Amino acid sequence: MCGIVGYLGDKNSKEILLSGLKELEYRGYDSAGIAVLQNGKVDSFKAIGKLVNLEEKTKDYITEDFSIGIGHTRWATHGKPTELNAHPHIGDESYVVHNGIIENYAELKKQLIADGVTFLSQTDTEVIVHQFEKNLKISDSAFEAFRKTISELKGAYATLLVTKGESKTIFFAKNGSPMLVGVNDDNEKYFASSDTPLIGQCSDVNYFEDGDYGYVTPTELAIFTKDDVKKEAIFTKLSTNKLSAQKDGFRFFMEKEIYEQSSVIADTLLGRLYDDEILFDELDDSLFDGINEIKLCACGTSYHSALTATYLFERYAKIKTSVEVASEFRYRQPIMSKDTLFVVISQSGETADTLETLKMAKAAGLKTLVICNVDNSSMVRLADACILTRAGVEKGVASTKAFATQVTVFWMMALYLAKRNNSLSSQEIVKQINLLREVPSIVKVEDEMHERIKRLSKRYLHGHGFFFIGRDVFYPLALEGALKLKEISYLHAEGYPSGEMKHGPIALADPELFTIALLPQHLLYEKAKSNVEELSARDSTICAISSLAFDKADDFIPINECTDYMLEFFEMMIVVQIFSLEISARLGNDVDMPRNLAKSVTVE
Ligand code: AGP
């Protein structure tokens, strides 16, 4: 996720901005930049890659006396990681940094270009500074121009803007992306996307609410609501623990990332859902010309999201789809045909086995697509096309939000292809799109459910193993739940299709064998229920996850009643993620950095 910093005061603003950006490095980024307005002149610097490159570019630049400045670390969502796409974005006399996604940037950009504006970047952000300068020409004040600009934006944003004509003012607006402002006794103002850059600089902070906008000067902090009503700042004391602040107060990055799934899935959906169709503005529809089959290839958790996709693609898009484990595929001399679209899935975009299969597919002349979370990664640079998952940096080695956003992308892709193949009615597509819109709220973690799982986890700290079982898309979810548990608790767990139990595994059934049964109401419930009853009859300890009460379970984790199996999928995903986290926490393991594992497996 992008990081934002801002400063107004008499200190060395360059150093303050750069050190603030360093405190935000944990959020992940691929480029960075600052802009400083002092003595009526703006100096702006940008660099791709790590902050050391920006520090190198600014090493001879001095800021002293009063100045205002803004800074940004960019996690690419629209446009490649390049200097031109790095923030701040520049108008004739104004500069802007932004975190989030401007959903209506395309229409604003089209009008601005028609008005004669020249765009330098591929980003959505750049429309903000040009729209502001367009409004500046017809407004009584810079603030009025800023207010009007913000009212014209749709989507998520945390943004800071400075303009030469207002050398003592920073304009701000927040909607959907986090931002706070800090003050101190030296009449300084500090902005940041999260607490850590402000720790040690100021003690009182105001966390902006959605819709807030306004400006700061040396003597004023003016905040307005989305209804243009002025409001008082609500100051709270800033935490002093930087590591805790990076985790936003959660115990582990993995826990924070489970809780972030609601907001990052909202980002994944932004700008892609329309009333009756899905659009990926980074895809050229011709990618699918001549394609009669899709082959997916991945490792680990990414393999599980790909396996989920096979059900959705064949069910909704009626296109033959298969999935491969990359480390197997690369050595079995596979037959590849050019009417197959080869899709690799990778959070990091660097997994060696997956990358190698991508090279094989390209060498065989197949069209290739990568579903990835890291722009400019090896796979993104190599594939013919890319869909970014927009999960933001995932620090926990055990993948959670990357998986959630991958499945979200695949669900959207299935509908995109269904429309293209005319394999679903438009009313069915509309229905599915409306279901997708519910996912961000579905994956909000409820305290009561988390507490229940935390209490229940004490019963699952031993035993000779776990079966996670499910049917259809709940089979890849069972695999994912088992992998999560293995990865961070070091307890043995296997994922199985529920229907496979009687083909051997049921021989293991006894009270020390724990079965985590995924029982969705809206997909093969009776079939899955009877499989679980077979295990229960043989005295296996059953933990059922369902919206329907199940009296043959030893433990029961209820999920909310949903209208569709895919919403049940996301509900149960949260449960299995938290289940593994709480067991691992009880065992005293390193949840974020489990033994023997790396976040990205760049070797065979
Ligand atoms: C998932 O929790 C694991 N960390 C691991 O299986 C991971 O999914 C796998 O190594 C693939 O990584 P990638 O998505 O970056 O390619």
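So, how was this worked out
- Residues numbered from 1 in each chain as written.
- Predicted model: local features only at pLDDT ≥ 70, side-chain atom pairs only at ≥ 80, totals over all residues.
- Heavy atoms only, no water.
- Near = heavy atom within 4 Å.
- Polar contact = N/O pair within 3.5 Å; in protein donor to acceptor, adjacent residues only side chain to side chain.
- Areas by Shrake-Rupley, 256 points an atom, 1.4 Å probe, with all protein chains shown as cover.
- Helix = DSSP H or I, 4+ residues; strand = E, 2+ residues; numbered from the N terminus.
- Buried < 20%, exposed > 50% of the residue type's maximum accessible area, 1.4 Å probe, protein only.
- Contact = heavy atoms within 4.5 Å.
- Pairing = 2+ DSSP bridges.
- Phe/Tyr/Trp six-rings, centres within 6.5 Å; stacked < 30°, edge-to-face > 60°.
- Lys NZ or Arg CZ within 6 Å of the ring centre and 35° of its normal.
- Core = buried A, V, L, I, M, F, W, Y, C linked by side-chain atoms within 4.5 Å.
- Salt bridge = Lys/Arg side-chain N within 4 Å of Asp/Glu carboxyl O.
- Axes fitted to C-alpha atoms, helices over the stretch in contact; angles between N-to-C directions.
- Parallel < 35°, antiparallel > 145°, perpendicular 65-115°, else oblique.
- Nonpolar A, V, L, I, M, F, W, Y, C, P; charged D, E, K, R; others polar.

(A) The site of the ligand, seen in detail. Neighbouring the ligand are 15 residues, the closest being Ser302, Ser346, Ser348, Thr351 and Glu487. Ser302 is positioned with one of its side-chain polar atoms (N or O) 2.6 Å from an oxygen atom of the ligand. Between a nitrogen atom of the ligand and a main-chain N or O atom of Val397, the distance comes to 2.8 Å. Protein chains shield 91% of the accessible area of the ligand, which is 410 Å² for the free molecule. Mapped by element, the contributors of at least two residues to the shell around the ligand are α9 (300-317) and α16 (474-489).

(B) Structural context of helix α4 (residues 126-136). Here α4 lies mainly inside the structure; nine of its eleven residues are buried. Elements in contact with the buried residues of α4: β5 (89-90), β6 (94-102), α3 (105-114), α5 (142-152) and β7 (155-163).

(C) Quick look at the pairing of strand β2 (residues 31-38). Most of β2 is tucked away, with eight of its eight residues classed as buried. A two-sided burial pattern is seen for β2, the buried positions comprising Ser31, Gly33, Ala35 and Leu37 on one face and Ala32, Ile34, Val36 and Gln38 on the other. Inspection of the sheet shows β2 paired to strand β3 (residues 41-48) by eight bridges, in the antiparallel sense. Bridge pairing links Ala35 to Ser44 in β3.

(D) Broad picture of the pairing of strand β10 (residues 189-192). Residues Lys189 and Phe191 point to one face of β10 and Tyr190 and Ala192 to the other, with burial holding for every one of them. Pairing analysis gives four bridges linking strand β1 (residues 3-9) to β10, with the strands arranged antiparallel. Directly across from Tyr7, in β10, lies its bridge partner Tyr190. Examined bridge by bridge, strand β9 (residues 180-183) and β10 share four bridges and lie antiparallel to one another.

(E) Representation of the packing of aromatic side chains. Within the structure shown, the criterion is met by 28 aromatic pairs. Judged by centre distance (4.4 Å) and plane angle (20 degrees), the ring pair of Phe172 and Phe208 falls under stacked. Residue Phe172 is located in strand β8 (residues 170-175), and its partner Phe208 is located in the loop between β11 (204-207) and β12 (213-217); the two are separated by 36 residues in the primary sequence. Aromatic rings pair up to connect Phe403, Trp411, Phe474, Phe569 and Phe570 into one cluster. The ring of Phe66 has Lys168 lying over it, and the distance from NZ or CZ to the ring centre is 4.2 Å. Here the guanidinium or amino end of Lys395 rests over the ring plane of Phe253, the centre of that ring lying 5.3 Å away.

(F) Seen up close, the nonpolar core. Within the largest apolar cluster, 95 residues are counted, with the highest numbers of intra-cluster contacts made by Leu296, Leu369, Trp411, Phe466, Phe468 and Phe570. Ranked by residues supplied to this core, first place goes to helix α18 (residues 565-586) with 14 residues. Other than its neighbours up to four places away in sequence, Leu296 contacts Ala306, Ala309, Thr310, Phe313, Thr321, Ser322, Val323, Glu324, Val343, Ile345 and Phe410.

(G) Broad picture of the sheet that holds β5. Strands sit in the order β5-β6-β7-β8-β12-β13-β14 across an open sheet of seven strands; the sheet is antiparallel. Strands with a single pairing partner mark the edges of an open sheet, and in this sheet they are β5 and β14 (230-231). Where strand β13 (residues 220-224) lies against β14, two bridges are found, and the strand directions are antiparallel. The partner of Ile223 across the bridge, within β14, is Lys231.

(H) Focus on the pattern of salt bridges. All told, the structure shown has 36 salt bridges when counted by the stated rule. The salt bridge partner of Glu144 is Arg147, with a shortest N-O separation of 2.6 Å. Remark: Arg147 and Glu144 occur in helix α5; sequence separation between them is three residues, near one turn of the helix. Judged by relative accessible area, which is 27%, Glu144 ranks as partly exposed. In this structure Arg147 comes out as partly exposed when scored by relative accessible area, which is 21%. Lys529 is the salt-bridge partner of Glu533, the closest N and O atoms lying 3.4 Å from each other. Taken together, the residues Glu533 and Lys529, both in helix α17 (residues 525-537) and four residues apart, mark about one turn of the helix. Each of Lys11, Asp186 and Glu188 takes part in one network of salt bridges that share partners.

(I) Just the packing of helix α8 (residues 261-269) against helix α14 (residues 426-442), in detail. Close contact between α8 and α14 brings their axes to 7 Å; oriented N to C, the two are set at 155 degrees. By the angle class used here, α8 and α14 are roughly antiparallel. From α8, Ser262, Ile265, Ala266 and Leu269 reach across to α14, where they touch Leu436, Val439, Pro440 and Ser441. Considering only residue class, the contact of α8 with α14 consists of six nonpolar, two polar and no charged.

(J) How the structure looks around the sheet that holds strand β23 (residues 513-519). Strand order across the open sheet formed by five strands is β22-β21-β23-β24-β25, with parallel pairing between neighbours. Two strands in the sheet have a free side with no partner beyond their single neighbour: β22 (493-497) and β25 (555-558). When strand polarity is set aside, the average angle formed by the axes of neighbouring strands in this sheet is 20 degrees. Two strands pair when backbone bridges link them, and strand β24 (residues 541-546) and β25 are joined in this way by four bridges, in the parallel orientation. Looking across to β25, one finds that Ile545 is bridged to Ile557. Against the sheet, α16 touches β21 (465-470), β22 and β23, its axis set at about 175 degrees to β22. Taken strand by strand, α17 contacts β21, β23 and β24, and its axis lies near 165 degrees from that of β23.

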